[in-house]
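# A look at the structure
Listed below are the residues making up each chain.
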Amino acid sequence: MSEAFDQFQGTASYIASEELKHAVNVAVALARPLLVRGEPGTGKTLLAENLALALGMPLIRWHVKSTTKARDGLYVYDTVARLHDSRFGDQVDVRDIAKYIKLGPLGEALAAPSRVVLLIDEIDKADLEFPNDLLHELDAMKFRIDETGKEIAAVERPVVIITSNNEKELPDAFLRRCVFHYIQFPNRELMAEIVRVHHPDITDKVLDNALEVFFGLRATPKLRKKPSTSELVDWILALKKAGVDLARVSGGIPFLGTLLKTEQDVELVGKRAKA
Amino acid sequence: MLIDFLFELRARKVPVSTHEWMALMEAMAMGLHESSLDGFYRLARTLCVKDIALYDAYDEAFLAYFKDIYPEALKLTEQLLEWLNDPKAFDALTAEQRKALEGLDLEKLRELFAQRLKEQKERHDGGNRWVGTGGTSPFGTGGKNPNAMRVGGGGGRSAMAVADERRFKEYRRDVVLDVRQIDVALRGLRKLGREGAIEELDLDETIDKTCKNAGEIEVVFRPPRRNRVKVLLLMDVGGSMDPHSELMSRLFTAASRSGRFAKFRSYYFHNCVYNAVYEDAEFRRPVQVTDLLQHSDRDEKLVLVGDALMHPAELLDPGGSMYLYAQARASGHEWLRRLAAHFRSAAWFNPEPERFWPGTTIEVIASVFAMYPLTLDGLSHGVRYLVRGGQRPQVGDPSKWVKMAGGIR
């Protein structure tokens, strides 16, 4: 076993399951992108931040939007600025195209002098063909800037973390190249650990009560959107700020709005509470 | 030697490619499976299975391939190493064996033992007889000490136990459908076109125009791309559809999401479409099908959802509607054919499991509309059919119904 394996063990503020740690370490060892999927609020994005922290590498983020093009991640050639300069610029040498090339997040990660962590967040938000357009660059970890003919190749293959919300099917060719991990919703023990990281001063009793309510809510059938980890953490914060003691509250859950986000759900839970 | 496991996976429709398999071999050569079955379970899954829907199939394949390896046998290694650490256990050995062991110090012995165990694991996949056969091993008669060798169950979660639990059953593609999944499937139902307000900068055209203008900048805008697909949804409610009502409401929620389609209308019917469909599920506000057709473009996508199960007479007899006041002069079958003839593309989604389809009225209706099961797979196939056309799925043999009903009118 290489000594570099087992590099990631979670951090003080990020509790990872054994399976997740293993998947991360496999991805780091094989230098392949790690594709992380899971319910919203299970800490997919936080994983990259904490991995960068644990490995002591800089983190480069690429938040994908519905309009993001794969090429934007590599570089953008600002034609309009060049055009503008050519007409109105004072003593600017517009013949130097390189000045109008701006590296995108992926380009930056490949051009970085040392190994970095690259987060490609919510890859499924973009167009269906988006992952396919990235295949070559993620495989070879290099690309060419057509306008200047300059080639940028990674000195060390960056650690790539890709998150997806399962909104779209990703292409097979893309999936083949990834290490895949599905973050399961934490069970009660792991959840207690996670809450403690965020609220170190919470007492066992309060935590117990809060988890009771939380998992009770999640178990409610026909809920449109189940509350997630981050919502639980926020909710406990709200309880603390307001000084509400869960054990003493009767009838209804205080600050239900932080846990449930649609009126149908609130109504449903209200009805069940009365029954 | 694991190649059978690969085929075990592929036989269960887990699409593992050579690429991924080589990655697994590479990872194992690097020792990333931590030389344990648990580690292998995680490693192989993380590299070869890229979809939560396939996790259950993976668990099945894993169980089938490793069925002869008992989790208890895996614990054996630990137990034996412990036993070796405990000098008392040596008492059980014969004098010769002890003599043979004398030449080795404990560290060395452990090493040798671990190595031997590893070799044996590779030879027998039975795995439960690692120690004991072959008199040449210094550990050969280890089995003589049943107390030290007792194997405890439970404790720790071995890969076998995890796989056996089959936690990922509910993620299987052919079973569940929630709003989000339907949403994703319906996303395929789109045809993008530029329409509406001119608000997007067309860079290429701007450069082109500017060049033609001898460098005088001329900015060109264009409308953004929008989905142009129009959908007409007809849903069967009540009666035999009651068990599916939850599923129907999810489908409706996903389909009616604003901005999804250029035009979206939905109506209800009961059992089969006759001369009218209804705006409400209580059947109080009827809309004549003839009017509906008049106000529908031929390029709208017609989507029907229902179990298509009824008494043959309800489908094939003129006036077969259960509602007397309907005074239908044509049979339900005829009305369906009129609908099918009007729209260029139409599909019927059926929540009834596919295995119950043959020999029912579903066969007849499937000869009029392309019929797909209301599962994630069925939905995505149906959506593809609606957008691109192609071969209609064949369901049973509708011709025998012609004889039964004395000819379909």
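Below, the structure is looked at part by part. The model shown is predicted, which means the values in this text are computed figures rather than measured ones.

Quick look at the interface of chain B and chain A now. Listed by partner, the interface residues are 37 residues for chain B and 34 residues for chain A. Taken together, both faces of the contact between chain B and chain A bury some 3,200 Å²; the carbon and sulfur share is 54%. Here chain B is connected to chain A by one salt bridge. Secondary structure elements with two or more residues in the side of chain B that touches chain A: helix 2 (18-29), helix 3 (37-48), helix 10 (179-187), helix 11 (203-212) and helix 12 (245-255) of chain B. In terms of residue class, the side of chain B that touches chain A is built from 15 nonpolar, eight polar and 14 charged.

For the rest of this paragraph, the subject is the sheet that holds strand 9 (residues 179-183) of chain A. One key point about sheets: their strands pair by backbone hydrogen bonds, in either a parallel or an antiparallel sense. All names here are of chain A. Reading across the sheet, the five strands line up as 2-5-8-1-9 and stay open at both edges, with parallel pairing between neighbours. Each edge of the open sheet carries a strand with a single partner, namely strand 2 (59-63) and strand 9. The sheet shows a mean angle of 20° between the axes of neighbouring strands, taken without regard to direction. The pairing of strand 1 (residues 34-38) with strand 8 (residues 159-164) spans four bridges and is parallel. Its bridge partner lying in strand 8, L35 is registered against I162.

Turning our eyes to something else, we now look at helix 8 (residues 188-198) of chain A. All names here are of chain A. The complete set of buried residues in helix 8 reads M191, A192, I194 and V195. An end-on view of helix 8 places all buried positions within 165° of arc, on one side of the element. Tucked inside the fold, the buried residues of helix 8 contact helix 9 (204-218) and helix 10 (229-242).

A few words on a nonpolar patch on the surface. A grouping of A:V80, B:I198, B:L201, B:L203, B:I207, B:I217, B:V219 and B:F221 is seen on the molecular surface, where their side chains present a nonpolar patch of about 660 Å² in accessible area. Tracing the backbone shows B:L203 in helix 11.

All right, on to the nonpolar core then. By size, the foremost hydrophobic cluster in this structure holds 88 residues, and its most contacted members are A:I161 and B:F5. With residues near it in sequence (within four places) discarded, B:F5 still touches B:W21, B:F40, B:A44, B:Y58, B:A61, B:F62, B:Y65 and B:F66. Within the second largest apolar cluster, 34 residues are counted, among which are B:L315, B:W357, B:I362 and B:V395.

Glancing now at the pairing of strand 9 of chain A. Residues and elements named next belong to chain A. A large share of strand 9 lies buried, amounting to five of its five residues. Both faces of strand 9 are covered, namely the face carrying V179, H181 and I183 and the face carrying F180 and Y182. In this structure, strand 1 lies alongside strand 9, joined through five bridges in parallel fashion. The partner of L35 across the bridge, within strand 9, is F180.

Below, the discussion takes up unusual backbone geometry. Most peptide bonds take the trans form, and the phi angle of most residues other than glycine is negative. All names here are of chain A. Unusually for a residue other than glycine, E122 sits at a positive phi of about 55°. Structurally, E122 can be placed in the loop between strand 5 (117-121) and helix 6 (130-140). Here the phi dihedral of M141 falls at roughly 55°; this positive angle occurs in a residue that is not glycine. The residue M141 is located in the loop between helix 6 and strand 6 (142-145) in this model.

Another point: the packing of aromatic side chains. Each aromatic ring pair is described using two quantities: the centre-to-centre distance and the angle formed by the ring planes. All names here are of chain B. Counted by the stated rule, this structure contains 24 aromatic pairs over all chains. Taking the centre distance of 5.7 Å and the plane angle of 50° together, the rings of F5 and F40 count as tilted. Of the two residues, F5 is situated in helix 1 (residues 3-11) and F40 in helix 3; the sequence distance between them amounts to 35 residues. Of the two residues examined, F5 and F40, each falls in the buried class. When the centroid spacing of 6.2 Å and the interplanar angle of 65° are considered together, the rings of F5 and Y58 count as edge-to-face. Here F5, found in helix 1, pairs with Y58, found in helix 4 (residues 55-65); they are 53 residues apart in sequence, far enough to count as distant. The buried category is assigned to Y58, whose relative accessible area is 0%. Members of the aromatic cluster, connected to one another through ring pairs, are F5, W21, F40, Y41, Y58, F62, Y65 and F66.

Calculation criteria
Residues numbered from 1 in each chain as written. Chains lettered and ligands numbered in written order. Predicted model: local features only at pLDDT ≥ 70, side-chain atom pairs only at ≥ 80, totals over all residues. Heavy atoms only, no water. Contact = heavy atoms within 4.5 Å. Buried area = accessible area lost by both parts, 1.4 Å probe. Salt bridge = Lys/Arg side-chain N within 4 Å of Asp/Glu carboxyl O. Helix = DSSP H or I, 4+ residues; strand = E, 2+ residues; numbered from the N terminus. Nonpolar A, V, L, I, M, F, W, Y, C, P; charged D, E, K, R; others polar. Pairing = 2+ DSSP bridges. Axes fitted to C-alpha atoms, helices over the stretch in contact; angles between N-to-C directions. Buried < 20%, exposed > 50% of the residue type's maximum accessible area, 1.4 Å probe, protein only. Arc of directions from axis to C-beta. Patch = residues over 30% accessible without salt bridge, like charges linked within 9 Å, V, L, I, M, F, W, Y side chains within 5 Å. Areas by Shrake-Rupley, 256 points an atom, 1.4 Å probe, with all protein chains shown as cover. Core = buried A, V, L, I, M, F, W, Y, C linked by side-chain atoms within 4.5 Å. Phe/Tyr/Trp six-rings, centres within 6.5 Å; stacked < 30°, edge-to-face > 60°.

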